[in-house]
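Coordinate inspection notes
Here is how the chains run, residue by residue.
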Amino acid sequence: MAVGVLALQGSYNEHIAALRRIGVKGVEIRKPEQLTGVDSLIIPGGESTTMAKLAELHNLFPALREFVGSGKPVWGTCAGLIFLANKAIGQKTGGQDLVGGLDCTVHRNFFGSQLQSFEMELSVPKLAEKEGGTATCRGVFIRAPAILEVGPNVEVIADCPVSSDQLKVAIPASDGQEEKEFTNNRVIVAVKQGNLLATAFHPELTSDSRWHRYFLAMVDESKEEAAPSEVMVKYDLYGDGNDRVKKPYDLPIFE
Ligand SMILES: NC(=O)CC[C@H](N)C(=O)O
């Protein structure tokens, strides 16, 4: 089945092209009902406040939250990562709606403005282990967010060093937690939590297909989990009053 790509704004065409390069069809998603026709979704990078306003306008938030909650694989890149985060800081006044689901705190513009966009080789041994190739990948960071904290079920796939002037970011208080200061000299830029994958950078703008392949492997795994491995039926095979478990026959048997 095709992969859905949220096509409200941002780099959805680039994701669809990246999928095409590996022989997979990407379908543009703009309306809630279109989500029922796909079993995985990419939320692209762009500008998360604008994307949130458009999602609100098209009444997409309830359907997106349901999609994430259903266990279907969802990959957020950059603004898409912000969308998936449970908590975002550094938002515009008034904040913005988030889809949520990913147990992390993301700083929306951690690496600065458009002018501070950069590229960096990232160490990605977990990606290389699954998809082969070198143990690094090219990270394209455009007005990029960064993940400052993750919950216990979040697997970190890549992090990167930060310069000293980016340190000392205040993480505002939230339910049951006091305000704290983020002073680590590394930030997290790629994570996986169950059916959710998130990257602060843009793999769709490089020719390295491994991130798309990695996501498609998550899609395959989720289908395997969803499919009943073997339908078992119980019946009285020997007519002795005891129901025994037996696999049903694949083909009709005429007796
Ligand atoms: N390239 C991107 O997706 C940038 C995201 C941007 N920092 C935002 O707030 O939406």
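Residues numbered from 1 in each chain as written. Predicted model: local features only at pLDDT ≥ 70, side-chain atom pairs only at ≥ 80, totals over all residues. Heavy atoms only, no water.

Before going further, it helps to spend a moment on the site of the ligand. In the vicinity of the ligand, the contacting residues are Gly-45, Gly-46, Glu-47, Ser-48, Cys-78, Ala-79, Ile-82, Arg-108, Asn-109, Ile-142, Arg-143 and His-202. Between a nitrogen atom of the ligand and a main-chain N or O atom of Arg-143, the distance comes to 2.7 Å. With respect to the ligand, the side chain of His-202 contributes an N or O atom lying 3.0 Å from a nitrogen atom. About the coverage of the ligand: the protein hides 98% of its 300 Å² of free accessible area. Here the residues of the shell around the ligand are counted per class, giving 4 nonpolar, 5 polar and 3 charged. (Near = heavy atom within 4 Å. Polar contact = N/O pair within 3.5 Å; in protein donor to acceptor, adjacent residues only side chain to side chain. Areas by Shrake-Rupley, 256 points an atom, 1.4 Å probe, with all protein chains shown as cover. Nonpolar A, V, L, I, M, F, W, Y, C, P; charged D, E, K, R; others polar.)

On to the packing of aromatic side chains. Both the distance between ring centres and the angle between the ring planes are used here to describe each pair of aromatic rings. Under the counting rule described, the total for this entry stands at 9 aromatic pairs. Taking the centre distance of 4.6 Å and the plane angle of 5 degrees together, the rings of Phe-118 and Phe-141 count as stacked. Of this pair, Phe-118 sits in strand 7 (residues 118–123) while Phe-141 sits in strand 8 (residues 136–141); the two residues are 23 residues apart in sequence, bridging distant segments of the chain. The partly exposed category is assigned to Phe-118, whose relative accessible area is 24%. Seen from their ring centres, Phe-201 and Trp-211 are 5.6 Å apart, and the 70 degrees between their planes marks the pair as edge-to-face. Of this pair, Phe-201 sits in the loop between strand 14 (196–199) and helix 6 (210–226) while Trp-211 sits in helix 6, and the two are 10 residues apart along the sequence. No difference in accessibility class separates Phe-201 from Trp-211, as the two residues are buried. (Phe/Tyr/Trp six-rings, centres within 6.5 Å; stacked < 30°, edge-to-face > 60°. Helix = DSSP H or I, 4+ residues; strand = E, 2+ residues; numbered from the N terminus. Buried < 20%, exposed > 50% of the residue type's maximum accessible area, 1.4 Å probe, protein only.)

The next thing to look at is the UniProt feature "active site" (unreviewed entry) in the protein chain. When the UniProt feature table is mapped onto this chain, "active site" (unreviewed entry) is found at Cys-78, His-202 and Glu-204. For the residues just named, distributed over 127 residues, the greatest C-alpha separation is only 11.0 Å, placing them together at one site. Relative to the assigned elements, Cys-78 resides in the loop between strand 4 (74–77) and helix 4 (79–84). Residue classification places Cys-78 among the buried residues on the basis of a relative accessible area of 3%. Setting aside residues up to four positions removed in sequence, Cys-78 forms contacts with Gly-45, Ile-142, Ala-144, Pro-145, Thr-199, Ala-200, Phe-201 and His-202. When you line up the elements, Glu-204 lands in the loop between strand 14 and helix 6. Setting aside anything within four residues of it in sequence, one finds Glu-204 in contact with Ser-11, Glu-14, His-15, Ala-18, Arg-21, Thr-77 and His-212. Looking at Glu-204, its side chain comes within polar contact range of the side chain of Ser-11, at 2.7 Å. (UniProt positions renumbered as here; feature names shortened; annotations may be inferred. Contact = heavy atoms within 4.5 Å.)

Glancing now at the confidence of the model for the protein chain. Across the protein chain, the average pLDDT comes to 89, with 88% of residues at 70 or higher. In the predicted assembly, ipTM is 0.96 and pTM is 0.87. (pLDDT = per-residue confidence, 0-100.)

The class for Phe-201 is buried, based on a relative accessible area of 0%. Sequence separation between Phe-201 and Ser-70 is 131 residues; the distance between their C-alpha atoms is 26 Å. If near-sequence neighbours (up to four positions away) are discounted, Phe-201 is found in contact with Thr-77, Cys-78, Leu-122, Cys-137, Gly-139, Val-140, Phe-141, Val-189, Ala-190 and Trp-211.

What follows deals with the UniProt feature "binding site: L-glutamine" (unreviewed entry) in the protein chain. As recorded in UniProt, the feature "binding site: L-glutamine" (unreviewed entry) lies at Gly-46, Glu-47, Ser-48, Arg-108, Ile-142 and Arg-143. The annotated residues occupy 98 residues of the chain but converge on a single region, no pair of C-alpha atoms lying more than 12.6 Å apart. Mapped onto the fold, Arg-108 is located in the loop between strand 6 (102–107) and strand 7. By relative accessible area, which is 6% here, Arg-108 ends up buried. For Arg-108, the contacting residues outside a window of four places in its chain are Glu-47, Ser-48, Thr-49, Ile-82, Ile-89, Gly-90, Gln-91, Lys-92, Gln-96, Arg-143, Ala-144 and Pro-145. For Arg-143, the position within the fold is in the loop between strand 8 and strand 9 (146–150). For Arg-143, a relative accessible area of 28% gives the class partly exposed. Those residues in contact with Arg-143 that lie beyond four places of it in its chain are Gly-46, Glu-47, Arg-108, Asn-109, Gly-112, Ser-113, Gln-114 and Ser-117.

The subject of this paragraph is the pattern of salt bridges. Tallied over the entire structure, the rule returns 10 salt bridges. Here Arg-30 and Glu-28 are joined by a salt bridge, their closest N and O atoms 2.7 Å apart. Residue classification places Arg-30 among the partly exposed positions, given a relative accessible area of 33%. In this structure, Asp-208 engages Arg-210 in a salt bridge whose closest nitrogen and oxygen atoms are separated by 2.9 Å. On the basis of relative accessibility, which here comes to 21%, the residue Asp-208 falls in the partly exposed class. In this structure Arg-210 comes out as buried when scored by relative accessible area, which is 9%. (Salt bridge = Lys/Arg side-chain N within 4 Å of Asp/Glu carboxyl O.)

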